[in-house]
Amino acid sequence: MSKNTVTRERIIRLSVVAFCVITVLLGAVFASRRVVMAKSAAKFTVVIDAGHGGIDGGVTGVNTGVVESELNLAVAKLLKEDFTSAGFRVVMTRTTAAGLYGNARKSLKKADMQARRKIIEKADPCLVISVHMNRYALPSRRGAQVFYATGSEQSKIFAECVQNRLNGMDEAPRQSSPLGGDYYVLNVSPCPAVIVECGFLSSPLDEALLITEEYRKKLAFTVFTGAVAYLSNEGAFLEKTP
Ligand SMILES: [Zn+2]
């Protein structure tokens, strides 16, 4: 074994030790931040709204015929896991495939939306996230798109935080800006609220991604990080602290 080889081995060993120390230190910092975040987050409620349900399936996948309401619920449940793990209280507008129109015999859509409104109002949330899938005439149109209620400045900032994270995903086909709009679930929310259109089921490429659990997990976590970024940067935690 030459002197150079010994020296190289020592450098490698020292590098490995240094890496382990840094990893442990970073782990400790991350763990303590998680504890702080969990303590703070426990005071906050997030409503996660899986769009459609029951006889209202929403849009369908161009190749597989997958139904939007099912994908919305799958993403909503993953989002719930992410927020719950971080210590948030989560209220879901629906947890099954059923719609929220109950025994209504007519105006089912109206009854469904009013039920969502009641759930949101009762929850007293700090954020509302409504999950949907998009559709467009051209199959080439792709990507996640975030909407907010026109005129709600905080919702716009929240939407920007989420859209920025979604734009940063490896799978993002383009850089999108959040769009303002007039949507019932956003208008009735008493706090910053967004609709996340997770992708276009009219696009074979988006559909192929969205039908996989792996991509849905990644997408849900990305939306979650956007929400946390909004709460952190905008001081919403402090504003809501009693
Ligand atoms: Zn929809």
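Bear in mind the structure is a predicted one, so any value in this text is a computation, not a measurement.

> I'd like to hear about the overall build of the chain, residue by residue, with values.
Helices and strands together make up the secondary structure of the chain, namely eight helices and six strands. Starting at the N terminus and ending at the C terminus, the chain contains elements arranged as α-β-α-β-α-β-β-α-β-α-β-α-α-α. Looking at the chain residue by residue over its 242 residues, the buried ones come to 38%. When contacts within the chain are restricted to residue pairs at least 6 apart in sequence, long-range pairs at least 24 apart make up 75% of them.

> Before we move on, can you summarise the environment of Arg-116 with the specific residues and values?
Here Arg-116 is to be found in helix α3 (residues 108-123). With 65 residues separating them along the chain, Arg-116 and Gly-51 place their C-alpha atoms 9.7 Å apart. Sequence-distant contacts of Arg-116, defined by excluding residues within four places in its chain, comprise Asp-49, Thr-93, Leu-100 and Val-185.

> Give me the environment of Phe-200: which residues, what numbers.
Mapped onto the fold, Phe-200 is located in strand β6 (residues 193-200). Beyond its immediate stretch of four places on either side in the chain, Phe-200 contacts Asn-134, Arg-135, Tyr-136, Arg-141, Arg-142 and Asp-206.

> Describe the sheet that holds β6, naming the residues involved and giving the relevant values.
If you walk across this open sheet you meet the six strands as β2-β1-β3-β6-β4-β5, and the pairing is mixed. Sheet topology places β2 (89-92) and β5 (179-181) at the edges, where each strand pairs with a single neighbour. Neighbour to neighbour, the strand axes of the sheet diverge by 25° on average, direction disregarded. Relative to strand β3 (residues 127-134), strand β1 (residues 45-50) is paired through five bridges, and the arrangement is parallel. Looking across to β3, one finds that Ile-48 is bridged to Ile-129. Packed onto the sheet, helix α2 (residues 68-85) meets β1, β2, β3 and β6 and runs at close to 145° relative to β3. Packed onto the sheet, α3 meets β1, β2 and β3 and runs at close to 170° relative to β1.

> Describe the pairing of strand β4 (residues 145-149), listing the residues and the values that go with them.
With respect to burial, β4 is a largely interior element, five of its five residues being buried. Along β4, one buried face is formed by Gln-145, Phe-147 and Ala-149 and the opposite face, lined by Val-146 and Tyr-148, is buried too. As judged from the three bridges shared by β4 and β6, these two strands associate in the antiparallel manner. Paired with Gln-145 across the two strands is Glu-197, which belongs to β6. Two strands pair when backbone bridges link them, and β4 and β5 are joined in this way by three bridges, in the parallel orientation.

> Now, about the packing of helix α4 (residues 153-167) against helix α7 (residues 213-233): what can you tell me, with residues and values included?
In helix packing, the relevant descriptors are the interaxial angle and the interaxial distance, both defined with respect to the helix axes. One way to put it is that α4 packs onto α7 with a least axis distance of 8 Å and a crossing angle of 140°. One element, α4, and the other, α7, form an angle in the oblique class. Regarding α4 and α7, the two cross each other, and that crossing is right-handed. Judged by residue contacts, Ile-157, Phe-158, Cys-161, Val-162, Asn-164, Arg-165 and Leu-166 of α4 engage Thr-222, Val-223, Thr-225, Gly-226, Ala-227, Ala-229 and Tyr-230 from α7. Of the residues assigned to the contact of α4 with α7, the class counts are nine nonpolar, four polar and one charged.

Thresholds, definitions, all that
Residues numbered from 1 in each chain as written. Predicted model: local features only at pLDDT ≥ 70, side-chain atom pairs only at ≥ 80, totals over all residues. Helix = DSSP H or I, 4+ residues; strand = E, 2+ residues; numbered from the N terminus. Buried ≥ 20, exposed ≤ 12 C-beta atoms within 10 Å, placed from the backbone. Contact = placed C-beta atoms within 7 Å. Pairing = 2+ DSSP bridges. Axes fitted to C-alpha atoms, helices over the stretch in contact; angles between N-to-C directions. Parallel < 35°, antiparallel > 145°, perpendicular 65-115°, else oblique. Left-handed = near helix turned anticlockwise from the far one by under 90°. Nonpolar A, V, L, I, M, F, W, Y, C, P; charged D, E, K, R; others polar.

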